[in-house]
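This is what each chain is made of:
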Amino acid sequence: MKLSQSQVKTLASQGFLVLPERFSEKEVALLRSQVPALLKENHPGNVIEKEPGWKFGEGAGKSWGKDSDVVRTAMGLHLRNEVFNTLVHHPKLIAPGFQVRPEPMYIQQVKVNVKAAFSGSVWQWHYDFATHHKEDGVPRPLALNLHIFLDDVSHYNGPLYFVPGSHRHGEHGARLDDQTTSYPLWVVENDVVETLVNQNGIQAATGKKGTMLIFYDTLLHGSPNNMSPWDRSIFSLILNPVSNAYQKSHRPDYKHHRDLTPITMAEPNCLESFYELAESK
Ligand SMILES: O=C(O)CCC(=O)C(=O)O
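Small disclaimer: the values here were computed from a predicted structure and weren't measured.

Undergrad: Tell me what's going on with the nonpolar core, and back it up with residues and numbers.
TA: If you look at the biggest cluster of nonpolar residues, it comprises 44 residues, and the most contacted ones within it are Phe84, Leu87, Leu93, Phe235 and Leu237. When sequence neighbours within four positions are dropped, the list of residues in contact with phenylalanine 235 reads Phe84, Leu87, Val88, Leu93, Val110, Lys111, Val112, Leu146, His147, Ile148 and Leu150.

Below, the structure is given as structure tokens:
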């Protein structure tokens, strides 16, 4: 479950790592089977996409069975669902995190970013530490973002764009944008993005369902609108060292969980007992 030395090196130099199809078809089918019911819940952790109207016509969020509001992100999932509560302990997901940060870490955030077909909107250029620091008072950029693709992600359905190596430039400055989407985000100004992109380029993180991503807190990234007819949902777990915990707690718990209990690792087969849930759907 650990990364090879060359993967560790790539992560250190690029600031992100793509692990193609790390989760099996069965595991992904199970995770996917849990999502539609979660998206239908009337829960404050379900953030709805901003723009009503033509973009949300027939077909928006098609694999998730949505027919009205389109969910942008569904948060706090380990507290809302047993399968996701088990997933956050899965060694395939968190062993690389411990390899990179060998110290006690707590669960900072657990979500699925849906990026629904025809309607999922942009995540502006940003780096996560800006929000972690300015909103939650996290002292240092040590959090790790661990993703699993729940849909195939291509160049066409709103993949993450990374600026390789941008994490090594430290902080990039940030401004709160609470207008562009329904999710307030500390974003990076275009001139800074331009300089970093001209130096380092842009890489789209694409791959089949089950592919995993790891990336650092100061890595510049974003993702475009999904105007394709294909959903692009991605699970995300953010882990942060307990020694680097939040100092402010004005945001809701589902945006930055308060429980500092160090996360523990489960057995590699921990999801197997749930497989019948997926088969019954
Ligand atoms: O889901 C996306 O497209 C963007 C997610 C993101 O930027 C993040 O998790 O920080």
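Undergrad: Would you mind going over the sheet that holds strand β11 (residues 212–216) in detail, with residue names and values included?
TA: Taking strand neighbours across the sheet as the criterion, the seven strands line up as β1-β11-β6-β13-β4-β3-β2 in an open arrangement whose pairing is antiparallel. Sheet topology places β1 (16–19) and β2 (46–48) at the edges, where each strand pairs with a single neighbour. The sheet shows a mean angle of 15° between the axes of neighbouring strands, taken without regard to direction.

Undergrad: Account for the pattern of salt bridges, naming residues and giving values.
TA: Throughout the structure, instances matching the rule amount to six salt bridges. A salt bridge links lysine 92 to glutamate 27; the nearest nitrogen and oxygen atoms lie 2.8 Å apart. Of this pair, lysine 92 sits in helix α4 (residues 91–100) while glutamate 27 sits in helix α2 (residues 25–40), and the two are 65 residues apart along the sequence. Given the relative accessible area of 14%, lysine 92 is considered buried. By relative accessible area, glutamate 27 is classed as buried at 6%. Of the charged contacts in the structure, one is a salt bridge between arginine 32 and aspartate 151, with a shortest N-O distance of 2.6 Å. In this pair, arginine 32 is assigned in helix α2 and aspartate 151 in the loop between β6 (144–149) and β7 (160–162), connecting sequence segments 119 residues apart.

Undergrad: Could you give me a rundown of the side chain of arginine 72, with the residues and numbers involved?
TA: Tracing the backbone through its elements, the reader meets arginine 72 in strand β3 (residues 71–75). The exposure class of arginine 72 is buried, given its relative accessible area of 1%. One polar contact links arginine 72 to glutamate 49, side chain to side chain, over a distance of 3.2 Å.

Undergrad: I'd like a description of the environment of tryptophan 125, backed by residues and values.
TA: Relative to the helices and strands, tryptophan 125 resides in strand β5 (residues 123–126). Looking at tryptophan 125, the relative accessible area reads 22%, which means it is partly exposed. As a C-alpha pair, tryptophan 125 and glutamine 7 span 118 residues in sequence and 25 Å in three-dimensional space.

Undergrad: A description of the site of the ligand should follow, citing residues and the corresponding values.
TA: Residues in close proximity to the ligand include Lys111, Asn113, Trp123, His126, Asp128, Asn145, His147, His221, Ser223 and Arg232, which together make up its full environment. At 2.9 Å from an oxygen atom of the ligand is found a side-chain nitrogen or oxygen belonging to aspartate 128. Contacts to the ligand include asparagine 145, whose side-chain N or O atom sits 3.5 Å from an oxygen atom. Of all elements in the fold, only β4 (105–113), β5, β6 and β12 (221–223) reach the threshold of two or more residues within the shell around the ligand. Counted by class, the shell around the ligand contains one nonpolar, six polar and three charged residues.

Undergrad: So what's going on with unusual backbone geometry? Which residues, and what values?
TA: Backbone geometry at lysine 115 places phi at a positive 45°, although glycine is not the residue there. By secondary structure assignment, the location of lysine 115 is in the loop between β4 and β5. Classification of lysine 115 by relative accessible area gives buried; the value is 2%. Backbone geometry at phenylalanine 118 places phi at a positive 70°, although glycine is not the residue there. Structurally, phenylalanine 118 is set in the loop between β4 and β5.

Undergrad: I'd like a rundown of the pairing of β11, residues and numbers included.
TA: A large share of β11 lies buried, amounting to five of its five residues. Burial of the side chains of β11 extends over both faces: Met212, Ile214 and Tyr216 are buried on one face and Leu213 and Phe215 on the other. Sheet topology places β1 next to β11; four bridges connect them, and they run antiparallel. Bridged to leucine 19 within β11 is methionine 212. Where β6 lies against β11, five bridges are found, and the strand directions are antiparallel. Looking across to β11, one finds that leucine 144 is bridged to tyrosine 216.

Undergrad: I'd like a description of the environment of valine 88, backed by residues and values.
TA: Considering the arrangement of structural elements, one finds valine 88 in the loop between α3 (82–87) and α4. Accessibility expressed as a relative area gives 0% for valine 88, which makes it buried. Taking the C-alpha atoms as reference points, valine 88 and leucine 196, separated by 108 residues in sequence, lie 33 Å from one another. When residues no more than four places from it in sequence are discounted, the contact partners of valine 88 are His78, Leu93, Ile94, Ile107, Val110, Phe235, Leu237 and Ile263.

Undergrad: Quick rundown of the pairing of β4? Include the residues and the values.
TA: Taken across its nine residues, β4 has nine buried, putting it largely inside the fold. Pairing between β3 and β4: three bridges, direction antiparallel. Looking at the pairing, alanine 74 lines up with valine 112 of β4. As judged from the eight bridges shared by β4 and strand β13 (residues 234–241), these two strands associate in the antiparallel manner. Across the sheet, asparagine 113 pairs through a bridge with isoleucine 234, a residue of β13.

Calculation criteria
Residues numbered from 1 in each chain as written. Predicted model: local features only at pLDDT ≥ 70, side-chain atom pairs only at ≥ 80, totals over all residues. Heavy atoms only, no water. Core = buried A, V, L, I, M, F, W, Y, C linked by side-chain atoms within 4.5 Å. Buried < 20%, exposed > 50% of the residue type's maximum accessible area, 1.4 Å probe, protein only. Contact = heavy atoms within 4.5 Å. Pairing = 2+ DSSP bridges. Helix = DSSP H or I, 4+ residues; strand = E, 2+ residues; numbered from the N terminus. Axes fitted to C-alpha atoms, helices over the stretch in contact; angles between N-to-C directions. Salt bridge = Lys/Arg side-chain N within 4 Å of Asp/Glu carboxyl O. Polar contact = N/O pair within 3.5 Å; in protein donor to acceptor, adjacent residues only side chain to side chain. Near = heavy atom within 4 Å. Nonpolar A, V, L, I, M, F, W, Y, C, P; charged D, E, K, R; others polar.

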